[in-house]
Amino acid sequence: MVGYDVLVVGGGVVGTAVARELASSGKSVVLCEKEDDLLAGASSGNTGHLASNFYYRRPRALLEAEMAGKARRINQQWLDGQPAVPCIKRGMIYLAKGEEEEVELRNLLELGQLNKEDGLRKVSLAEVRIMEPFLCLDGVTAALFSPNEAVVDPWLLAMTHVYGMEVAGVKCYTGCEVLKIKKEEDVWSIVTRKGIFKATCVINCGGNYGDEVERLVSQESSFTVTPGKGEYVVFSTNSAGTIARPIVPVPNKQTAGLYVFETVYGHTVVGPTNIRQESKTDRHVSNSSIIALLNHLFSLYPNMRSAKPVGLYAGLRPATQHQDYCISIDLTRGWVTLGGIRSTGLTCSLAISQYIAEAMIPNYTPATLPTMPHPQVEGDMVRIGSKLYRPTHPLSRLGLLGAELPQQLQPLAKM
């Protein structure tokens, strides 16, 4: 039986990033994903916003803020090295309504200045009107412009890690749910639906199932995943050009705000909500959320009332009872946990992979991601390099394949 230096549980954006980075740095790595496709869990329902997270500070969430700060330094080079990934970088506008939200807006600006975020500035409403001529500013009293924000194809950007895994020689198994894990002397024995694997170190990147992976080796987990459902409404490309850059209200402790943005394929999107739920599989968009999302969109862009909706989708973020990431590294035991990586997973995936590799590899130097070839559509699959993949993100399936979204919206006149 072949043994590996590292076995990664979970083939989402974080798991594939970590596997790629470790293999590129000389480790023998195997990755086990329970679903039939990679990037099919939490990574398949995000916004596609490669964010600056300029207001994240260590007192808020120590590890997440550290990873967000590192991401701000390295993500532009990541994007620049991947011309096959569609990207729109026009910044983002935060809107405040009333004195209380203006205070929050000033706090955001101060946090961004502490983080030395270039170009972050307050903008007048007159300038906002020029930047976003179709935006209704009724009730808006102040605005903040963050230039270092990008909208990407979320699946293709994550696929740069998957392609990097292939180049680095990671052994990857899908439909390979982990069933049992036990330690035999200094080696882990991992029983899966596709056989038994041996590894010196196990890295738990189980996403929404990360707590269940922890309980395979211990009766208790230091965290419990209660997914946060993020719901979206998507409109056709007929409204393309209405929204030049993402628009979002001032974030608060409960939500990062409801975005209104245009995808790299020209579809207008509003979302996400943030609904905590027990189910790790329920992605149904509720009627109450649809109404709230549409009311928000129409309050900002009244002319969108005549736009054609093409459907709905939802993602499940692996939220826990902790505000911060749940990362632990025990190299003596040979166990690493990467839990509670919520909405910042895509943005921070490269930074997290380097953080883990630095902890595990003496004299570590970050690997260079290979340039991913341009995707080639073949039926309902996409060829990247020598392999065919099934796009898992609804926005990517819509943009690349013209595929229907997971849930359809009833005609607005009937709502």
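Residues numbered from 1 in each chain as written. Predicted model: local features only at pLDDT ≥ 70, side-chain atom pairs only at ≥ 80, totals over all residues. Heavy atoms only, no water.

**Structural notes on the pattern of salt bridges**
Next up, step 1: In this structure the tally under the stated criterion is 14 salt bridges.
Next up, step 2: Taking the shortest distance from any N to any O, the salt bridge between R342 and E64 comes out at 2.9 Å. With a gap of 278 residues between them, R342 in the loop between β20 (335-339) and α8 (345-360) and E64 in helix α2 (residues 62-80) connect regions that are remote in the sequence. Across this residue pair, the class does not change: R342 and E64 are buried.
Next up, step 3: E184 serves as the salt-bridge partner of K198, at 2.6 Å between the closest nitrogen and oxygen. Note that K198 is positioned in strand β12 (residues 195-204) and E184 in strand β10 (residues 178-184), a separation of 14 residues in sequence.
Next up, step 4: For E184, a relative accessible area of 32% gives the class partly exposed. (Salt bridge = Lys/Arg side-chain N within 4 Å of Asp/Glu carboxyl O. Helix = DSSP H or I, 4+ residues; strand = E, 2+ residues; numbered from the N terminus. Buried < 20%, exposed > 50% of the residue type's maximum accessible area, 1.4 Å probe, protein only.)

**Remarks on the side chain of D153**
Next up, step 1: Tracing the sequence through the fold places D153 in the loop between β8 (150-152) and α5 (154-168).
Next up, step 2: As a buried residue without a salt bridge, D153 has its nearest oppositely charged side chain in R397, at a separation of 11 Å.
Next up, step 3: There is a polar contact of 2.9 Å between the side chain of D153 and the backbone nitrogen of L156.
Next up, step 4: Here the side chain of D153 touches S396 through a polar contact of 2.6 Å, side chain to side chain.
Next up, step 5: Those residues in contact with D153 that sit more than four places away from it in its chain are V85, P86, V264, Y265, S396 and L400. (Lys, Arg positive; Asp, Glu negative; His and termini not counted. Polar contact = N/O pair within 3.5 Å; in protein donor to acceptor, adjacent residues only side chain to side chain. Contact = heavy atoms within 4.5 Å.)

**Remarks on the packing of helix α1 (residues 13-24) against α8**
Next up, step 1: The contact between α1 and α8 brings their axes to 8 Å, and the two run at 40°. With respect to each other, α1 and α8 are oriented oblique. Considering how the two elements wind past one another, α1 and α8 form a crossing that is right-handed. Here V13, V14, A17, V18, R20, E21 and L22 of α1 lie close against α8, whose contacting residues are G345, L346, S349, L350, I352, S353, Q354, I356, A357 and M360.
Next up, step 2: Broken down by class, the residue content of the contact of α1 with α8 amounts to 11 nonpolar, 4 polar and 2 charged. (Axes fitted to C-alpha atoms, helices over the stretch in contact; angles between N-to-C directions. Parallel < 35°, antiparallel > 145°, perpendicular 65-115°, else oblique. Left-handed = near helix turned anticlockwise from the far one by under 90°. Nonpolar A, V, L, I, M, F, W, Y, C, P; charged D, E, K, R; others polar.)

**Section: a negative patch on the surface**
Next up, step 1: Residues E99, E100, E101 and E104 make up a contiguous surface patch of negative charge.
Next up, step 2: Among the secondary structure elements, E101 is positioned in helix α3 (residues 99-114). (Patch = residues over 30% accessible without salt bridge, like charges linked within 9 Å, V, L, I, M, F, W, Y side chains within 5 Å. Areas by Shrake-Rupley, 256 points an atom, 1.4 Å probe, with all protein chains shown as cover. Charge placed at Lys NZ, Arg CZ, Asp CG, Glu CD.)

**Things to note about the nonpolar core**
Next up, step 1: Residues L22, Y94, I203, L338, I352, I356 and I384 are the most contacted members of the largest nonpolar core, which totals 82 residues.
Next up, step 2: Once residues lying within four places of it in the same chain are set aside, the contact partners of L338 are V14, V18, I203, N204, C205, C326, I327, I352 and I356.
Next up, step 3: L95, F145, L297 and L312 belong to the second-largest nonpolar core, a separate cluster that totals 29 residues. (Core = buried A, V, L, I, M, F, W, Y, C linked by side-chain atoms within 4.5 Å.)

**As for the environment of G207**
Next up, step 1: Assignment of secondary structure puts G207 in the loop between β12 and α6 (210-215).
Next up, step 2: Look at G207 and you get partly exposed, because its relative accessible area is 24%.
Next up, step 3: Taking C-alpha positions, G207 is 7.1 Å from G340, a pair spaced 133 residues apart along the chain.
Next up, step 4: Those residues in contact with G207 that lie beyond four places of it in its chain are V225 and P318.

**Some remarks on the sheet that holds strand β22 (residues 381-384)**
Next up, step 1: Taken together, 3 strands build an open sheet; the order of strands is β21-β22-β23 and the sheet is antiparallel. Either end of the sheet is taken by a strand with one partner, and the two such strands are β21 (376-378) and β23 (387-389). Across the sheet, the axes of successive neighbouring strands diverge by a mean angle of 35°, strand direction being ignored.
Next up, step 2: Strand direction decides the pairing type here: β21 and β22, joined by 3 bridges, are antiparallel. Residue pairing in the sheet places V377 in a bridge with V382 of β22. (Pairing = 2+ DSSP bridges.)

Just distances and angles here, no functional claims.
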